Amino acid sequence: MQLWLVRHAQPLVEPGICYGAMDIPADPQATALAATELATALPAGSLICHSPLQRCELLALCLIDLRPDLALKSVPDLREMDFGAWEGQRWDNIPTAELQHWTNDFENYRCGGSGESTSVFVKRVHRALQSCLEQSPNALHGTPTVCITHAGVMRATLWLQQRGMATLAGQPLCLRAAEWPQRAMGFGQALKLDWPGLAPLE
């Protein structure tokens, strides 16, 4: 199966701000350009799943305007990681001790006190990918399933891929900060993966 992960266009936010769960818009012109490029690449029958946050939804809607033959579905679990009280702060203003706690307990530490832990986030992304692939009518015939989403979701997907998607149900994920992928596509760009499927993850 082919899985395409597409990052939203440049958000309208000051550089250096933590904005995971914040529902901020993306630049309309950059979004239109990204949609035009994606529209020329996608074959008929592709399912477009997208995060409900408006920076992703706008790209999905622009794409459907250009390619009304494509199917569109909002998938809440494709949203970016929730950073709790860190949201809206500058990353360099977040206390170093808090960031270190996250690094030391990367799997279980809840970002910003009330946000998500990395393990909760990865399980949510896993659930989203399963849902998107299962609902894509032509996925088994080589037609890509497209997820318009965020950098964190891309990294979580790459982590699942590098682990071989073979994590056993009910077992610890063993997430470590040093093993978390740093790769993420630029704004408006796509990451194309050959995706064999996901093992159960609880």
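The rules behind each value
Residues numbered from 1 in each chain as written. Predicted model: local features only at pLDDT ≥ 70, side-chain atom pairs only at ≥ 80, totals over all residues. Heavy atoms only, no water. pLDDT = per-residue confidence, 0-100. Helix = DSSP H or I, 4+ residues; strand = E, 2+ residues; numbered from the N terminus. Contact = heavy atoms within 4.5 Å. Pairing = 2+ DSSP bridges. Axes fitted to C-alpha atoms, helices over the stretch in contact; angles between N-to-C directions. Salt bridge = Lys/Arg side-chain N within 4 Å of Asp/Glu carboxyl O. Buried < 20%, exposed > 50% of the residue type's maximum accessible area, 1.4 Å probe, protein only. Phe/Tyr/Trp six-rings, centres within 6.5 Å; stacked < 30°, edge-to-face > 60°. Lys NZ or Arg CZ within 6 Å of the ring centre and 35° of its normal.

**A few points about the confidence of the model for the protein chain**
If pLDDT is low for a region, its predicted coordinates should not be looked at in detail.
Inference 1: Taken as a whole, the protein chain shows an average pLDDT of 89; of its residues, 90% reach a score of 70 or greater.
Inference 2: Ranking the elements of the protein chain by mean pLDDT puts strand E5 (residues 190-194) last, at 88, and helix H2 (residues 54-66) first, at 97.
Inference 3: pLDDT under 50 marks residues 198-202. Its contacts with residues more than four places away, or in other chains, come to 21 contacts.

**Considering the sheet that holds strand E3 (residues 71-74)**
Inference 1: Taken in spatial order, the 5 strands make up an open sheet running E3-E2-E4-E1-E5, and their pairing is mixed. What marks the edges here is a single partner per strand, and that holds for E3 and E5. On average, each strand axis in the sheet is inclined to that of its neighbour by 20 degrees, with strand direction left out of account.
Inference 2: Direction of pairing for strand E1 (residues 2-7) relative to E5: antiparallel, over a ladder of 5 bridges. Among the inter-strand pairings, leucine 5 is bridged to a residue of E5, identified as leucine 191.
Inference 3: Across the sheet, helix H5 (residues 151-162) is in contact with E1, strand E4 (145-149) and E5; its angle to E1 comes to roughly 150 degrees.

**As for the pattern of salt bridges**
Inference 1: Counted under the stated rule, the structure contains 7 salt bridges.
Inference 2: Of the charged contacts in the structure, one is a salt bridge between arginine 124 and glutamate 116, with a shortest N-O distance of 2.7 Å. Comparing arginine 124 with glutamate 116, the two get one shared label, buried.
Inference 3: Through salt bridges with shared partners, one network takes in Glu14, Arg90 and Asp92.

**With respect to the side chain of aspartate 77**
Inference 1: As for its placement among the helices and strands, aspartate 77 is situated in the loop between E3 and helix H3 (96-104).
Inference 2: Those residues in contact with aspartate 77 that sit more than four places away from it in its chain are Arg124, Val125, Arg127 and Ala128.

**Considerations on the packing of aromatic side chains**
Inference 1: Summed over all chains, the structure comprises 7 aromatic pairs.
Inference 2: Their ring planes at 65 degrees and their centres at 6.2 Å tell us that tryptophan 86 and tryptophan 91 sit as a pair that is edge-to-face.
Inference 3: The exposure class assigned to tryptophan 91 is partly exposed, which follows from its relative accessible area of 32%.
Inference 4: Between phenylalanine 106 and tryptophan 180, the ring centres sit 5.5 Å apart and the planes meet at 65 degrees, which makes this aromatic pair edge-to-face. Of the two residues, phenylalanine 106 sits in the loop between H3 and helix H4 (118-135) while tryptophan 180 sits in the loop between H5 and E5, which places them 74 residues apart along the sequence.
Inference 5: Among the residues examined, phenylalanine 106 registers a relative accessible area of 7% and is labelled buried.
Inference 6: When its relative accessible area of 13% is taken as the criterion, tryptophan 180 is described as buried.
Inference 7: An aromatic cluster is present here, built from Phe83, Trp86, Trp91, Trp102, Phe106 and Trp180 joined pairwise through their rings.
Inference 8: For the cation-ring pair, arginine 7 lies above phenylalanine 187, with the distance from its terminal atom to the ring centre recorded as 4.0 Å.

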